[in-house]
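Residue strings, one per chain:
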Amino acid sequence: MTDLITTHANADFDALASMVAARKLYPGARLVLPGSQERAVREFMSLCSDLVKIEYEKDASLENVTRLIIVETRLKSRIGKMAQLVGKKGVEVHIYDHHPRTDGDVKAAKDIYKKTGASTTILVELIKDREIKISPLEATIMALGIYEDTGSLTFPTTTREDVDMVSFLISNGADLHLVSSYLRGELTEKELRLLALLIQSTEVHVINSVHVAIAAITSEEYVDDLSLLAHKLEDAENFNLIFLMVQTRDRVQFIARSALPFVNVSKVAALFGGGGHPSASGAVIRDMNLVEAKAKLIEYLRSHIHSDIKAKELVTGKPVELKIDEPVSGASEKLVKALCEYAVIKDNGQVEGITSLKDLDRAVSLGFGHARVKGYMSRKIFPVKPDTSIYAIQDMIQEKDVGCVPVFDGGNLLGLVTRSDVLRAFHGRLFAAAAGGELKEPRGVTVNITPRIKKTFPAKMAELLRFAGRLAEETGFTAFAVGGFVRDLLLGVVNFDVDIVIEGNAIEYAKRLSKELCGVYVYHKRFGTATVFCPCPAGIAPSRSSGGKFRIDIAMTRTEIYEKPAALPTVKFGPIENDLYRRDFTINAMAFRLSRHHFGELLDPFNGRADLKDGTIRALHDLSFVDDPTRIFRAVRFEQRFDFKIEPRTENLIKKAVGLKMVDRTQKQRIREELIAILSEEKPLKAVRRLSELNELRFIDPDLTLKSKNIELFSAAEEALAWYDNTHTGNRHALERWLVYLAVLLDELDPAQVKKICGDFVFRKADAAKIISYKKNADRVLAAISKKEKLRASEVYGHLEGLSHEVMVALMAKTPSQAARRRIMSYMTKYAHVKLDLRGDDLKKAGIEPGPHFKELIKKTLHAKLDGKIKTKDGELAFALQHYRR
Ligand code: CTP
């Protein structure tokens, strides 16, 4: 009797380990691998194929096989030429697999299925039960299998059996060091490139209300480990349902992942001749090209994706119940307290209607707080049954334009299902986690921040905002103030950088606004935005960067992708809520209305105000840092500026984006702007430290780390800048603070590295020149001016002349020498201001011929003046003449 053990093509460690484990149960069996293997498996095999004794399909004979043992798959299409043995007379088939059984499975005399994280676990359990001895190498391979398929025991599919068998293998000598060196961590260059392509190509289709991500690309070479990329993509983007397709020359690799219980992707893979689990599956498609396969996939999904969630599963608890004659104000308080948006109103135990916090609050604000809720409820309640489908509820909510429906089991009220409940159920991770889950403040409450606007700004500013709102209304648009301007206003920080978004045509609006305000407007075609520059309203200091004008940035509200069957997702202009959703953090995703009747009304759909109060930086959604990796730097900057804390989920998202090297794919120029912004903060050290903790300093230079020396330099630079501010009051901005900090941050790098950084990040020529000048001159100049012996003023002048203020302040920070520091201070406060009264004309009149010696003569005279040798203009002339004659 000859036993042959095989597994699926593209074997991973679980497949290999299952084969090795199976041989313990079928001693003497041959191990034959079909097709190719994952790269890490190949590398591993090249080291120990002699010990493990594995044959490859192309060289393996199938003669005389009487028993075929298939592990880690039960699909004939996946076992290469060994498929010839299936159904052959005289060949018995045994299967060990953790994939659930399906109709198309190989029929086997023995078929062992168990729901474990790895197939290896099933076989190791049998080995353990039968007390079969295993070697440390075998234990190591088996541990690799379990670790790999369970994500080192972290995937939700991991079972107690997986953990128990790992423990058994460790006690049998599994070498965990070897295990960890073979488990895939970092992506290779090629994989990173592919991942970037996949991310870029991802389309989100909304099919039967479910968000489906499909990434389809063409690649020159076969992708070794597409499942790893699928995993990374799934992780980074947090999609619930994702399909990857990669076309190589003659085939399309297909991988699917589902986190939705009602979508079984093994059935989708079966469509293409593949298989797998309900949550993870794959196939190799040979009879279709990418376009055909994608079209087939979409068509299939249209008819097969259906959520089976019912009303009873959507109900989150007993609703707030109000009596029909309760006063409105008390009722509203009850809802606020319960953090609910809706309440049912009962009379004599019967549900009479439903009311919302929004309606009650409107009544209170109009002075009807004493009125009865009866007057503010809707009697049209559209009841549903516990088994009503989520689709029917969704249709009802849309058609009847209601915010919720009550669920009745016979006469018994189970609860309410709201519009948000439906959204969450369909879009799972995308919406459930958005903005930190539960509402801390009920959405219905309208907060008006007009008093704060009055308190924070000069009267003219409020007038301007109102005017901007009125003008939008006249043009048929709606205008909102948005972003950092609103955040700072709520913090009580005066910020005149007004950002306005328009539900309507921003360009047309900008044109009109600039005309009305006697200003000009600039249209940024690429972004569809405009900036209006107008004379500064009274009491507002003009901003340096806008050439003394008042600046208003204007954009259209934008929304992201929406479904049209089979159409690509598009970016459209949409309502303000969608515009806020595409922003970075909850504290920056607030707006207030500028329209006449609602001026100052705050829109805060993600509880930014609560986060401002708590001091929390929170990303709006899990894609935030993948959408825009520069947000990593923004998070750190805001955290340090406001002394806030990046909350744990957001920090994790940052770490994931860092792990995926997202920043490396971002244009360096964009990072430069963020770097300048961070180093321009009042105390940038904290933010730089945080970046270093997050391992993101390497984006500047791979060798750059924050050493204790840099930390000392940062503190010294802070002191030197404080001195500069005190001595240059009124002219503080003559110096770019960020350049001083950049110089000390790069202090350890050599000149060539610094030059490269300046080039890579495309710093402005003048800025780059300053950084390079610091690097070039620091040691020489400091050596010269650190001398203990007395230096004449002219000597100090000679050494420092021509250096920029930034470089000198950085030198002050760098030097341990008091004398050098004092000399720089004297130069900046005294020597640099010493000027000759003598002019060129005076020299000409005195008979000195103009020429190159003029400059030298003037320099000499200036030095003499610096050294106190001359006091008057006559003395200067006499000195010059005397030296000319010589
Ligand atoms: N924004 C974003 N993602 C970015 C940059 C900006 O979502 N990478 C959004 C935020 O809503 C932000 C607004 O655009 O509030 C304006 O951006 P910007 O003017 O750069 O920043 P501010 O938040 O105003 O911060 P600062 O005070 O540093 O100017």
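Residues numbered from 1 in each chain as written. Predicted model: local features only at pLDDT ≥ 70, side-chain atom pairs only at ≥ 80, totals over all residues. Heavy atoms only, no water.

With respect to the sheet that holds strand β9 (residues 241–248)
And step 1. Taking strand neighbours across the sheet as the criterion, the six strands line up as β7-β8-β9-β10-β12-β11 in an open arrangement whose pairing is mixed. Each having just a single partner strand, β7 (203–207) and β11 (275–276) make up the two edges of the open sheet.
And step 2. Sheet topology note: the β7/strand β8 (residues 210–218) ladder contains five bridges and is antiparallel. Note on β8: the bridge partner recorded for E203 is I214. (Pairing = 2+ DSSP bridges. Helix = DSSP H or I, 4+ residues; strand = E, 2+ residues; numbered from the N terminus.)

Topic: the packing of helix α27 (residues 708–727) against helix α32 (residues 805–814)
And step 1. Between α27 and α32, the shortest axis-to-axis distance is 8 Å and the interhelical angle comes to 125°. Accordingly, the angle class assigned to the pair α27 and α32 is oblique. α32 is crossed by α27, and the crossing has right-handed handedness. Where α27 abuts α32, its residues L713, A716, A717, A720, L721, W723 and Y724 lie against H805, V809, M812, A813 and K814.
And step 2. Here the residues of the contact of α27 with α32 are counted per class, giving ten nonpolar, one polar and one charged. (Axes fitted to C-alpha atoms, helices over the stretch in contact; angles between N-to-C directions. Parallel < 35°, antiparallel > 145°, perpendicular 65-115°, else oblique. Left-handed = near helix turned anticlockwise from the far one by under 90°. Contact = heavy atoms within 4.5 Å. Nonpolar A, V, L, I, M, F, W, Y, C, P; charged D, E, K, R; others polar.)

Considerations on the sheet that holds strand β22 (residues 550–556)
And step 1. As summarised here, the arrangement of the seven strands in space is β20-β21-β22-β19-β18-β25-β26, forming an open sheet in which the pairing is mixed. Because the sheet does not close on itself, it has two edges, and the strands there are β20 (520–524) and β26 (602–603).
And step 2. The strands touched by helix α17 (residues 459–474) within the sheet are β18 (478–482), β19 (498–503), β22 and β25 (591–593), with β18 carrying the most contacts at an inclination of about 145°.
And step 3. Sitting on the sheet, helix α18 (residues 484–491) touches β18, β19, β25 and β26, and the angle it makes with β18 is about 60°.

Points about the packing of helix α25 (residues 668–679) against helix α28 (residues 737–745)
And step 1. At a minimum axis distance of 8 Å, the contact between α25 and α28 shows a crossing angle of 100°. Relative to α28, the element α25 lies roughly perpendicular. Of the residues in α28, those touching α25 at L675, I676 and L679 are R737, W738, Y741 and L742.

Here we look at the pattern of salt bridges
And step 1. Applying the stated criterion across every chain, the model contains 51 salt bridges.
And step 2. Note that K814 is salt-bridged to D747, the shortest N-O span being 3.2 Å. One end of the pair, K814, is in helix α32; the other, D747, is in the loop between α28 and α29 (751–760), and 67 residues separate them in sequence.
And step 3. For D747, a relative accessible area of 9% gives the class buried. (Salt bridge = Lys/Arg side-chain N within 4 Å of Asp/Glu carboxyl O. Buried < 20%, exposed > 50% of the residue type's maximum accessible area, 1.4 Å probe, protein only.)

Description of the environment of K24
And step 1. Tracing the backbone shows K24 in helix α1 (residues 13–25).
And step 2. Expressed as a C-alpha distance, the spacing of K24 and K133, which sit 109 residues apart in the sequence, is 8.4 Å.
And step 3. Ignoring sequence-local partners within four residues, the contact set of K24 consists of I127, I132, K133, I134, E138 and M142.
And step 4. For K24, the side chain forms a polar contact with the main-chain oxygen of K133, separated by 3.4 Å. (Polar contact = N/O pair within 3.5 Å; in protein donor to acceptor, adjacent residues only side chain to side chain.)

Concerning the side chain of D604
And step 1. Tracing the sequence through the fold places D604 in the loop between β26 and α21 (608–614).
And step 2. Of the side chains with opposite charge, R609 comes closest to the buried, unpaired D604, at an N-O distance of 4.7 Å.
And step 3. Side-chain polar atoms of D604 contact the backbone nitrogen of N607, separated by 3.1 Å.
And step 4. Engagement of the side chain of D604 in a polar contact is seen with the backbone nitrogen of R609, the distance being 3.0 Å.
And step 5. Once residues lying within four places of it in the same chain are set aside, the contact partners of D604 are M590 and R609. (Lys, Arg positive; Asp, Glu negative; His and termini not counted.)

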